[in-house]
Amino acid sequence: MTPAPADYPAAPHRVVVVGGGVAGLAAVLRIRRSLPGAQLTLITKAALEESNTWYAQGGMAAVLSGAPGQDPSGTGARAGGPDSVAAHAADTLAAGAGLAAPDAVGLLCAGAEGQVSWLESLGFRFDSVGGALSSGREAAHSAARILHAGGDATGRALAGALIGAVRADPSVRILESIFVTDLLQAGPPGEPRVTGVRIRPAGPSAGGDAGEREIAADTVVLATGGAGRLYEHTTNPAVATGDGVALAWRAGAVVADAEFFQFHPTALDVPGSPLISEAVRGEGAVLRDASGTRFLPAYHPDGELAPRDVVSRSIAQHLAVRGERCVYLDATALGGPFLARRFPSLTSLTARHGLNWARGPVPVVPAAHYWMGGIRTDTSGRTSLPGLYAVGEAACTGVHGANRLASNSLLEGLVFAERTAEALAAPEAPWPAFSADPLALEAPDAGEPFDRAQLQRLMTRQAGVVRDAAGLELAAKQLAAYAPAGSTAEELETANLLLCARLLVHAATARRESRGAHHRSDFPLTDPRSIPKSTAYVRASTPQEGFPQ
Ligand code: SIN
């Protein structure tokens, strides 16, 4: 007898996850559980080990029940008094400067303990002393709640554990050094659905259409991270070129809060701008100017532990007034043995650059670090396009508002990857709709050639730590004149950066106030009358296939 259609075995759900940081890796592992029969493909444009996650130092914010006095420095000493999920949420909302979404924040902070247990189930261990997890303090946290691993190598340890678990699962197809050039879409007019990705090899010689092919999927999850490469100085690795935001934008997804880019106050002032964790200031290091003066208390009562945007802006202002290029992080009071034990990677990093930070202050500058803006999603990773999800830094759930609280991003990747995996297993849930203003960002047919360094200089000068109308107008004009060219993966990344830059500058121009990480010297105050509202845009023209545009 011919079986009725309902008796046929269901075709496996095909899922493509793009991005190999914490959000992408956790999404793969969680989807493996939530949709056990799914055909899972993980795509990264470099090796899995090359992600922002890998370079995370400070750690992961987490309030754990039954650990009211988490050991702040690994010395065994208890400090900080009782902490709570509510206090973590209050700190996250305060850092977000009125724009953080309370529902997303609640899920983030309440989800921390479950994520710690899940990581432990994978064999991952945060640092501990005498059986208690060690926890450090970072700026704008009201308690010492930052869990860390390997001292200051949290990202590497965490990514290593997740990569190990993904690689150990033979049912996950892993495609490394593969660049995603487009999202595929199909469906009736006005109701497109994302149906897969177009890919090509990511190597430097892979120009033209060489090796291009398509992977069909029922669901695509973008976990492509941030876009620190928009700026001259960034703590982000070379892969952070805003690819996911650009892919989603071209496909017609809503992008929100693009004006909010966080600058970390302390990147070592050497080529590559490597991060010096905020945890160093959390342990008591101070910032001095070239004359040796500790200057931050004159800018904010919390000094070195003021919110990150305040510290970065104060440094920029202090440098501008004094006509100097860097300030100095003085960790000498912590002593060589403590520094070597608590911050082994940073001790080696500074030594590699001929610096002995136990003996003298080291030069630091603010550097682009984390993009709060991204592809608008609900708290289950759903974007405005059916079939497309986004998680981690590429997404904008609103959890960070106008400014991310330190050490909330590893947690973000884990919590929202789990929620995305749960949503994939519940396809009957209604798809969200987000309001957005239409915006045309296409390049003119014939524009000026440009290189990535020009774009980075322009963004650093006109759309960096401090902005104003004149600079943003100049940036918008110049960005509109630039025309992307070429078809190597690197050239396509630069086209993605250009698109992200145009979005960021447009949103920064529209926000005529200062809020969180977005500071306008011509509108220096936060508008007290406005009900804080996200900027949200969607591509004005009909989505078309083809690239670059
Ligand atoms: C740091 O270690 O300072 C970075 C932590 C973060 O950006 O969340």
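Residues numbered from 1 in each chain as written. Predicted model: local features only at pLDDT ≥ 70, side-chain atom pairs only at ≥ 80, totals over all residues. Heavy atoms only, no water.

A few words on the site of the ligand. Taken together, the residues surrounding the ligand are Gln57, Gly58, His264, Leu275, Ser277, Glu278, Arg308, His369, Arg404, Ala406 and Ser407. Of the residues that constitute the shell around the ligand, the class distribution is 2 nonpolar, 6 polar and 3 charged. (Near = heavy atom within 4 Å. Nonpolar A, V, L, I, M, F, W, Y, C, P; charged D, E, K, R; others polar.)

This part covers the pattern of salt bridges. Pairs can form between side chains of opposite charge once their charged atoms are near each other. A complete count under the given rule lists 30 salt bridges for this structure. One salt bridge connects Arg382 with Asp378, and the closest N-O pair in it is separated by 2.9 Å. Here Arg382 matches Asp378 in class, with each residue buried. Connected through salt bridges with shared partners, the residues Asp182, Arg198, Arg200, Glu212 and Glu214 form a single ionic network. (Salt bridge = Lys/Arg side-chain N within 4 Å of Asp/Glu carboxyl O. Buried < 20%, exposed > 50% of the residue type's maximum accessible area, 1.4 Å probe, protein only.)

Helix-helix packing: each pair is described by the crossing angle between the helix axes and the interaxial distance. Look at helix α12 (residues 452-462) against helix α13 (residues 469-481): their axes get within 9 Å of each other, and the N-to-C directions meet at 160°. The orientation of α12 relative to α13 falls into the category roughly antiparallel. In this structure, α12 crosses over α13, and the sense of that crossing is left-handed. Facing Leu455, Leu458, Met459 and Gln462 of α12, the residues of α13 in contact are Gly471, Leu472, Leu474, Ala475, Gln478 and Leu479. When grouped by side-chain class, the residues that make up the contact of α12 with α13 number 7 nonpolar, 3 polar and no charged. (Axes fitted to C-alpha atoms, helices over the stretch in contact; angles between N-to-C directions. Helix = DSSP H or I, 4+ residues; strand = E, 2+ residues; numbered from the N terminus. Parallel < 35°, antiparallel > 145°, perpendicular 65-115°, else oblique. Left-handed = near helix turned anticlockwise from the far one by under 90°. Contact = heavy atoms within 4.5 Å.)

Take the side chain of Thr377 next. Relative to the assigned elements, Thr377 resides in the loop between β18 (374-376) and β19 (388-390). Residue Thr377 is classed as buried on the basis of its relative accessible area of 3%. Not counting residues within four places of it along the chain, the set of residues in contact with Thr377 comprises Arg382, Thr383, Ala390, Ala395, Cys396, Thr397 and Phe434.

The subject of this paragraph is the packing of aromatic side chains. What describes a pair of aromatic rings is the distance from one ring centre to the other and the angle between the planes of the rings. Applying the stated rule across the entire model yields 9 aromatic pairs. Their ring planes at 70° and their centres at 5.2 Å tell us that Tyr231 and Phe261 sit as a pair that is edge-to-face. Here Tyr231 is found in the loop between β12 (219-222) and α6 (243-251), whereas its partner Phe261 is found in strand β14 (residues 261-268), with 30 residues between them in sequence. Across the pair, Phe261 and Tyr231 agree in class, each one buried. Ring geometry for Phe450 and Tyr482: centres 4.5 Å apart, planes at 15°, overall stacked. Of this pair, Phe450 sits in the loop between β21 (437-439) and α12 while Tyr482 sits in the loop between α13 and α14 (489-510), and the two are 32 residues apart along the sequence. In this pair, the class of Phe450 matches that of Tyr482, namely buried. (Phe/Tyr/Trp six-rings, centres within 6.5 Å; stacked < 30°, edge-to-face > 60°.)

The share of residues in the chain with pLDDT of 70 or more is 91%, and the mean pLDDT across the chain is 92. Note that residues 1-5 has pLDDT below 50 and, in this model, 2 contacts with residues that lie over four places away or in other chains. Note that pLDDT drops below 50 for residues 542-549; the model gives that stretch 22 contacts with residues more than four away or on any other chain. (pLDDT = per-residue confidence, 0-100.)

What follows is about the sheet that holds strand β16 (residues 327-330). In spatial order, the strands read β14-β17-β16-β15; together these 4 strands make up an open sheet with antiparallel pairing. Bordering the open sheet on either side are β14 and β15 (286-288), each of which pairs with just one other strand. The average undirected angle you get between the axes of adjacent strands in this sheet is 45°. Of the strand pairs in this sheet, β16 and strand β17 (residues 362-371) are connected by 3 bridges, and their pairing is antiparallel. Counted as the bridge partner of Val327 is Val364 from β17. (Pairing = 2+ DSSP bridges.)

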